[in-house]
Amino acid sequence: GSDMGTYVSHLGYAYSYGDGGEVSCEDLREAVSNLLGGIPVNEYAVTNRSSMTYINDLVGKVTLTVPNNDLAGQYPELQQGNTVTLDDTTIEPYLRYRDTTKDFSNEGRIERQQTYVTAYIDKLKAQLEKDLNGTWEKTQEMDAFLQTSITKNKYITLANLFQQVSFSDADYYRPEGEDQAGDLHDEFYVDEDALQQLVIDLFYEEI
């Protein structure tokens, strides 16, 4: 219940220092907005790790090409270059695992997450086109794992807009910056000038 103020830390701490509910979500939304120079974040959807199988099943499971060998030792089928369909046994390690004994191992995890998001969007578009209301009802079954400010009316608006856009790896943006090995965790310091230019390019139009 006490305001900790604003300070530099891992972005995810903006959520974890809250109440685990709406306050956490609003704190995280504010932190992301601040990072982006005040660009408003109008809605949020926050899930926990237990949601991964539900999210994957929502679109009938996702098939993708594995981009690296981070998981090949434990999961031989997840070797770089293999085309796999992620199931209940592989979805969580694919999205979560990184070798915490190695500096900057999150880079490989980010790479895997990007392939998942790109493949997921195509599946989700097809799912929404086939069963818009049914997909909403399935998300309601995830109530224990999902926090969101998106109402059903907003969902329908976004789903209809979603059908009109395309998405590929070229549309996936990562801010420039510097990795540093911290005392407890890997740290990433964003290049403020490069991020400001990216925000201008993405969210502003010259008049």
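Above this text sits the structure in question.
Here goes a summary of the coordinates provided. Predicted, not measured: the structure shown is a model, and the values here were computed from it.

Let us now look at the overall build of the protein. What the protein contains, in helices and strands, is eight helices and six strands. Moving toward the C terminus, one meets the helices and strands of the protein in the order α-α-β-α-β-β-α-α-α-β-α-β-β-α. Taking 17 Å as the expected radius of gyration for a compact globule of 207 residues, we find that the protein reaches 18 Å, a close match to that expectation. With the principal axes as the frame, the protein shows a C-alpha extent of 45 × 45 × 45 Å. Residues classed as buried in the protein amount to 28% of the 207 residues present. A separation of at least 24 residues holds for 55% of the contacts in the protein among residues at least 6 apart in sequence. Per element, the accessible surface of the protein, about 13,600 Å² overall, is 49% carbon and sulfur. Side chains of the protein give 15 positive and 37 negative charges; the mean places of these two sets differ by 9 Å.

Turning our attention to the pattern of salt bridges. The full count for this structure, using the stated rule, is six salt bridges. Salt-bridge contacts for D57 lead to K61; the nearest nitrogen and oxygen are separated by 2.8 Å. Since its relative accessible area comes to 27%, K61 is described here as partly exposed. Among the salt bridges present, the one from E92 reaches R96, with a minimum N-O distance of 2.9 Å. Of the two residues, E92 and R96 are both situated in helix α4 (residues 91–96); the distance of four residues between them amounts to about one turn of the helix. By relative accessible area, E92 is classed as partly exposed at 30%.

Procedures and definitions
- Residues numbered from 1 in each chain as written.
- Predicted model: local features only at pLDDT ≥ 70, side-chain atom pairs only at ≥ 80, totals over all residues.
- Heavy atoms only, no water.
- Helix = DSSP H or I, 4+ residues; strand = E, 2+ residues; numbered from the N terminus.
- Rg over C-alpha atoms; globule rule 2.2 N^0.38 Å.
- Buried < 20%, exposed > 50% of the residue type's maximum accessible area, 1.4 Å probe, protein only.
- Contact = heavy atoms within 4.5 Å.
- Areas by Shrake-Rupley, 256 points an atom, 1.4 Å probe, with all protein chains shown as cover.
- Lys, Arg positive; Asp, Glu negative; His and termini not counted.
- Charge placed at Lys NZ, Arg CZ, Asp CG, Glu CD.
- Salt bridge = Lys/Arg side-chain N within 4 Å of Asp/Glu carboxyl O.

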